[in-house]
Amino acid sequence: LDARIAVVGGGSAGATVARYLKQNAPNLRVTLIEPNETYYTCYAGNWYLGGFRDLETLGHGYDNLRERHGVEVIHDRAEELDLAGKRVLPRNHDPIRYDRLVVAPGIDFDWERIEGIDQDDTEQIPHAWEGGRPFRILREQIKAMDDGGTVIVCPPEDPFRCPPGPYERMALIAHYLKSHKPRAKVLGLDPKDSFSKQSLFKQGWEELYGDMIEWVPGSEGGAPERLSVSDRKVFTDGGAQAHRGDVINFIPPQRAGAIAWKADLVDDSGWCPVDQETFRSQKHDDVYVIGDAAIAGAMPKSAHSANNQGKLVAATIVGELTGEPTPDFPTVNTCYSLVSPEWAFTIAAVFEHRDGEIREVEGSGGLSPEDEDQDFRQIEAIYAPGWYESITKDMFG
Ligand code: FAD
């Protein structure tokens, strides 16, 4: 195949699409543009915060994509996408011409939607919603906190990356505190009234941590209005209540990655509209958007979704270039949540394209049952690292 595909962003979605393009059509020229030489997953990052996984084990390099799969990897940031001229303009390299472009930049934080904090404050108030260093900052702050202190976790508004993530985080921080600082507390201040796998989480929180965890929903005054970084305070309930945290993990509101904005791939929602059958951008030709940045119907913003979208788009592009019919295969999401290293549950679903949108296949997937015992939870906790190993191998070879 005499064509070149450029992929912007080498995270969960971008690494997968690059790898599978080469696997499906070894002669295709595939160029992946990603600034970091090591990609740190957010997934399993909460295990690190809980003190039972090393951060180093969450790093993945690009040598396998290069050497085993023949992907050209350029470590640079795409500064601009010249969609009319079909070129990616990296910061420090020559422009890259392409026949098809896949954009997979993940998320950006929308600091404008909250008062009193911005990007410059993330050393004091870490979000730990991008992999690597932000997780280390949060972990070190929790370790340095006195016994009896309060860790505040502020989950964002929908939609955001990893819907169960903040609630798993509250549990696993409590897991660490229970054995190291047993008088400490975790306080969740949430703009929302409900969240993913809520009753399973609440059951696990209560069983394992009792009143160590408190969660305040938006309708009961939980929604953060404003932060004071210097006083370490979160103001909620229209500013009427001030909560002081010894550690504050404010997870900002989110939108599609900055380059998608710059290239006019987003709509008013802040995310990228795509044809949900092919992930082709609805705004520009010969461009596909996958992963967290895309609007993907019922699929949650997860690594598992990003990986499945990468495979689907790799097959779609190869089909288009060879004239073979584009595949119509279902996609899947599975997400493990841990409440402790021995207590986990899952949500799973199979998706299909139906009536113009990605929807769940009726009767597929579901949640772990509520009335199961510790043995059942433990078995799911054993499966979780297996999921991690296999999905990262599938992405990074
Ligand atoms: P990313 O993986 O963020 O990749 C985007 C890449 O694009 C980055 O490497 C970035 O450097 C690069 N990039 C951005 N801009 C540019 C540019 N201009 N030029 C070049 N490159 C650029 N998902 C699960 O399935 N299961 C889980 O258990 C799970 N747990 C999670 C726990 C937490 C705490 C969090 C925060 C997330 C979790 N997720 C989980 C979600 C998962 O991390 C994301 O959904 C997934 O990483 C999305 O993949 P992506 O490729 O869209 O974005």
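Because the structure is a prediction, the values reported are computed rather than measured. (Residues numbered from 1 in each chain as written. Predicted model: local features only at pLDDT ≥ 70, side-chain atom pairs only at ≥ 80, totals over all residues.)

**Thoughts on the packing of helix H1 (residues 12–24) against helix H8 (residues 303–322)**
In a packed pair of helices, the relevant descriptors are the angle between the two axes and the axis-to-axis distance. The geometry of H1 relative to H8 is characterised by a closest axis approach of 8 Å and an angle of 35° between their N-to-C directions. Between H1 and H8 the crossing geometry is right-handed. In this structure, H1 uses Ser-12, Ala-13, Thr-16, Val-17, Tyr-20, Leu-21 and Asn-24 to contact H8, whose residues at the interface are Ala-303, Ala-306, Asn-307, Gln-309, Gly-310, Lys-311, Val-313, Ala-314, Ala-315, Ile-317 and Val-318. For the contact of H1 with H8, the class distribution of residues is eleven nonpolar, six polar and one charged. (Axes fitted to C-alpha atoms, helices over the stretch in contact; angles between N-to-C directions. Helix = DSSP H or I, 4+ residues; strand = E, 2+ residues; numbered from the N terminus. Left-handed = near helix turned anticlockwise from the far one by under 90°. Contact = placed C-beta atoms within 7 Å. Nonpolar A, V, L, I, M, F, W, Y, C, P; charged D, E, K, R; others polar.)

**Things to note about the sheet that holds strand E13 (residues 213–216)**
Strands sit in the order E13-E12-E11-E17 across an open sheet of four strands; the sheet is parallel. Either end of the sheet is taken by a strand with one partner, and the two such strands are E13 and strand E17 (247–250). For this sheet, the mean inter-axis angle between neighbouring strands, taken without regard to orientation, is 15°. Bridging between strand E11 (residues 150–154) and strand E12 (residues 185–189) involves four bridges; their strand directions are parallel. The residue of E12 that forms the bridge with Ile-152 is Leu-187. (Pairing = 2+ DSSP bridges.)

**Description of the site of the ligand**
Gly-9, Gly-11, Cys-42, Gly-106 and Gly-291 are the nearest of the 37 residues found near the ligand. Listed by contribution, the elements that provide at least two residues to the shell around the ligand are H1, helix H2 (45–49), H8 and strand E22 (331–340). (Near = placed C-beta within 6 Å.)

**Thoughts on the sheet that holds strand E7 (residues 87–90)**
Note: strands within a sheet are paired through backbone hydrogen bonds, in either parallel or antiparallel orientation. Strand order in the open sheet formed by three strands is E6-E7-E8, with antiparallel pairing between adjacent strands. The two strands at the open ends of the sheet, each matched to only one other strand, are strand E6 (78–82) and strand E8 (96–97). Of the strand pairs in this sheet, E7 and E8 are connected by two bridges, and their pairing is antiparallel. Counterpart to Arg-87 in the pairing with E8 is Arg-97.

**Things to note about the environment of Ser-194**
Assignment of secondary structure puts Ser-194 in the loop between E12 and helix H6 (198–209). Residues Ser-194 and Gly-218, spaced 24 residues apart in sequence, show a C-alpha to C-alpha distance of 8.9 Å.

**Regarding H1**
Over its 13 residues, H1 runs 18 Å from end to end, which matches the ideal 18 Å to within 8%, given 1.5 Å per residue. Here H1 has its buried residues at Ser-12, Ala-13, Gly-14, Ala-15, Thr-16, Val-17, Ala-18, Arg-19, Tyr-20, Leu-21 and Lys-22. In this structure, the buried residues of H1 make contact with strand E1 (4–8), strand E2 (29–33), helix H3 (63–67), strand E9 (100–103), H8 and helix H9 (374–396). (Expected span 1.5 Å × (residues − 1). Buried ≥ 20, exposed ≤ 12 C-beta atoms within 10 Å, placed from the backbone.)

**Structural notes on the UniProt feature "domain: Flavocytochrome c sulphide dehydrogenase flavin-binding" (unreviewed entry) in the protein**
Cross-referencing UniProt, the feature "domain: Flavocytochrome c sulphide dehydrogenase flavin-binding" (unreviewed entry) maps to residues 330–396 in the present numbering. Taken end to end, residues 330–396 has its terminal C-alpha atoms 22 Å apart, with 34% of it in helix and 42% in strand. (UniProt positions renumbered as here; feature names shortened; annotations may be inferred.)

**Some remarks on unusual backbone geometry**
The peptide bond linking Asp-158 to Pro-159 adopts the cis configuration, its omega dihedral lying at -10°. Considering the arrangement of structural elements, one finds Pro-159 in the loop between E11 and helix H5 (165–180). Non-glycine residue Asp-264 carries a positive phi angle of around 60°. Its place among the elements puts Asp-264 in the loop between helix H7 (258–262) and strand E19 (274–275). Of note, the phi angle at Asp-355 is positive, near 50°, even though the residue is not glycine.

**With respect to the environment of Leu-101**
Mapping Leu-101 onto the fold places it in strand E9. The class of Leu-101 is buried, set by 25 C-beta atoms lying within 10 Å. Between the C-alpha atom of Leu-101 and that of Thr-31, which follows or precedes it by 70 residues, the distance is 9.7 Å.

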